[in-house]
Every structure is written in structure tokens, then in C-alpha cells.
Amino acid sequence: EEFKRESIKYLAELTKLRQLCCAPELMYDNYTEGSGKLDTCMELLSNAIEGEHKILLFSQFTQMLELIGGQFYYMAAPGRGHQEILGGLYYCVKDYIRKKKGACRVYMAPFDVRLDEDDRTVVQPDLSVVCRREFLDDKGMKGAPDFVAEVISESTGKKDYTLKLRKYWNGGVREYWVVDPLKEKIVTYQFQGEEMDMKIYGFGDRVPVGIFEDLEIDFGGFDM
């Protein structure tokens, strides 16, 4: 009898999952009204996790997503220019750490950063520098990187300049860069508690990396 009751319960949960559709904010630009079906899906997953049940999800959705404050954001595939800038930035930081025999690690997206303790925010920064290696695990990291850089596009600019800025600041990131290829500028933010120091540079400038003593990035030397 107990088995029958449990079977009916699981069947009811599966039926709910079959009725769920894609979150509307992944399909419609500037959609902010939320999704009852997505909320139901997250509730089902939370209940399963609390009950220590194993979960196996299948999806036909093949693009990367970010989860910020419990809301999903679609990440379009980056263009060639984006990758040229990101690759150059990665090489400069990686080479500096190697020559200094430093303990920090540098990662390019896709790299999961579980920024909030409640796991409601999982972001994929274009570039992350992690010096507190105790935050690293097999899934990526839990906590804030020391340095984050985002190379923006027309579709991600608003999110990177506002939403992610606040999240990184509040989450404990020490330094955040927004690299804007369209306007050929770099906006750097250094955070200390509630204080923020912002500077703006052009692609012809040598941009100092604040978390390191003597590293400057020459964007003019990148092959773009």
C-alpha cells in the first residue's frame, strides 16, 4: 500500500514536469513578468534535493544559461572579436601568474561561479581569476573570484553594466572589468566594502590590473 501511494506521488510530480515549458524570458526580449511554470519547476527540484533524491534532467536547449537571483538569462554564442579579446586577456594574466609563480588560477567561460550561498546565482564570467583556491571544486567554484572581466556585446551590455556589477560587488569580487569592443573602452571597478573606485580607459591605454602589483594589459597589442 505504501508503494502504491509513493508511486502515485511520483507520477503526479512527473506529470507536472511534463506540463512545464521553456521560461518565457529565454524566448522574448525584455520579458520581466516571471513564469509560474518555471517557479513550479524550481520548487519541484528543491523538494527533490531536500528529500535527497537523485535528479536526471534532459533538455533540447543547447545554449549556455546564467542564473542570477533565481532568474535565467540566455547567453548567445560570442563573436570572433569577443574571443580575440578574451584570448589575449587570458594569455596576459596566465603568463603573468606563471612567471611570478603565483598561486592564483585563471579561467575562461564556460566556468560556473556559484556566487550566492543559496545557489540562486550561477554566472559564467568571460574571465575569472581565483586566488582563494579553497573556493574551487570540481563543479567550478563557490564564492567570489578575486577578478572578473566581461567582454560585452549589444545584447549583454545592460546586464554587465548594471545587474552583474551589483552582483559582483555584493558577492565579494575585488575587481571587475567591463571591456566594450564597440566603444573601444574598458571600465574598471575596484571594490572595498561599500566603496567603489571606477576608472575608464581606451583601447590605446595600458590598463593596470589592481589585484596584482605590476601587471598592465595593452589592448592595442591584441590581434582584433
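Residues numbered from 1 in each chain as written. Predicted model: local features only at pLDDT ≥ 70, side-chain atom pairs only at ≥ 80, totals over all residues. Heavy atoms only, no water.

> Where do I start with the environment of Val151 in this structure?
With respect to the element layout, Val151 can be found in strand E9 (residues 147-151). When the C-alpha atoms of Val151 and Ile186 are compared, they prove to be 9.2 Å apart, with 35 residues separating the residues in sequence. (Helix = DSSP H or I, 4+ residues; strand = E, 2+ residues; numbered from the N terminus.)

> What's the story with the state of the cysteines in this structure? I'm lost.
Here a disulfide denotes one covalent bond, and it connects the sulfur atoms of two cysteines. Inspection of every chain in the model, using the stated rule, returns 1 disulfide. The disulfide bridge from Cys104 ends at Cys131, spanning 2.0 Å between sulfur atoms. Here the disulfide of Cys104 and Cys131 is right-handed, its torsion about the S-S bond being about 100 degrees. Residue Cys104 is located in the loop between helix H3 (80-100) and strand E3 (105-108), and its partner Cys131 is located in the loop between strand E6 (127-130) and strand E7 (136-137); the two are separated by 27 residues in the primary sequence. The class of Cys104 is buried, set by a relative accessible area of 12%. (Disulfide = S-S within 2.5 Å. Buried < 20%, exposed > 50% of the residue type's maximum accessible area, 1.4 Å probe, protein only.)

> It is not clear to me how the pattern of salt bridges should be interpreted in this structure. Could you clarify?
A side chain of one charge can pair with a side chain of the opposite charge if their charged atoms are brought near each other. All told, the structure shown has 11 salt bridges when counted by the stated rule. Notably, a salt bridge pairs Arg206 with Glu216, separated by 3.1 Å at the nearest N-O pair. In this pair, Arg206 is assigned in strand E13 (residues 206-208) and Glu216 in strand E14 (residues 216-218), connecting sequence segments 10 residues apart. You can call Arg206 partly exposed: its relative accessible area is 48%. Through salt bridges with shared partners, a single network forms among Asp95, Arg98 and Lys99. (Salt bridge = Lys/Arg side-chain N within 4 Å of Asp/Glu carboxyl O.)

> What is the right way to look at the pairing of strand E10 (residues 175-180) in this model?
A regular strand carries its side chains on alternate faces of the sheet. Buried residues dominate E10, accounting for 6 of its 6 residues. Across the two faces of E10 the burial is the same, with Glu175, Trp177 and Val179 and Tyr176, Val178 and Asp180 all buried. As paired elements, E9 and E10 share 5 bridges and run parallel to each other. Across the sheet, the residue bridging to Ala149 is Trp177, located in E10. (Pairing = 2+ DSSP bridges.)

> I tried to follow the packing of aromatic side chains on my own but got confused; where do I start?
For the coordinates displayed, the defined rule picks out 9 aromatic pairs. When the ring of Tyr96 is compared with that of Phe212, the centres are 5.0 Å apart and the planes differ by 45 degrees; the resulting orientation is tilted. Within this pair, whereas Tyr96 is found in helix H3, its partner Phe212 is found in the loop between E13 and E14, the two being separated by 116 residues in sequence. Grouping residues by exposure puts Tyr96 and Phe212 together as buried. Relative to Phe191, the ring of Tyr189 has its centre 6.4 Å away and its plane inclined at 15 degrees; by these criteria the two rings are stacked. Taken together, the aromatic side chains of Tyr168, Trp169, Tyr176, Tyr189 and Phe191 make up a single cluster linked through ring pairs. (Phe/Tyr/Trp six-rings, centres within 6.5 Å; stacked < 30°, edge-to-face > 60°.)

> So what exactly am I meant to see when it comes to the sheet that holds E3 here?
Strand pairing in a sheet relies on backbone hydrogen bonds. The paired strands run either parallel or antiparallel. Taken in spatial order, the 6 strands of this open sheet run E3-E6-E9-E10-E11-E12, and their pairing is mixed. Taken across any chain shown, the strands that pair with only one partner, and hence form the sheet edges, are E3 and strand E12 (195-202). In this sheet, adjacent strand axes meet at a mean angle of 15 degrees when their direction is disregarded. (Axes fitted to C-alpha atoms, helices over the stretch in contact; angles between N-to-C directions.)

> What exactly am I supposed to notice about the nonpolar core here?
Side chains of nonpolar character tend, in soluble globular proteins, to be buried together. Counting 26 residues, the largest nonpolar core has Val93, Val129, Trp177, Phe212 and Phe219 as its most contacted members. Going through the elements one at a time, H3, E6, E9 and E10 are the ones with two or more residues in this core. Broken down by element, this core gets its largest block of residues, 6 residues, from H3. Residues Ala144, Val148, Tyr168 and Val178 belong to the second largest nonpolar core, which totals 17 residues. (Core = buried A, V, L, I, M, F, W, Y, C linked by side-chain atoms within 4.5 Å.)

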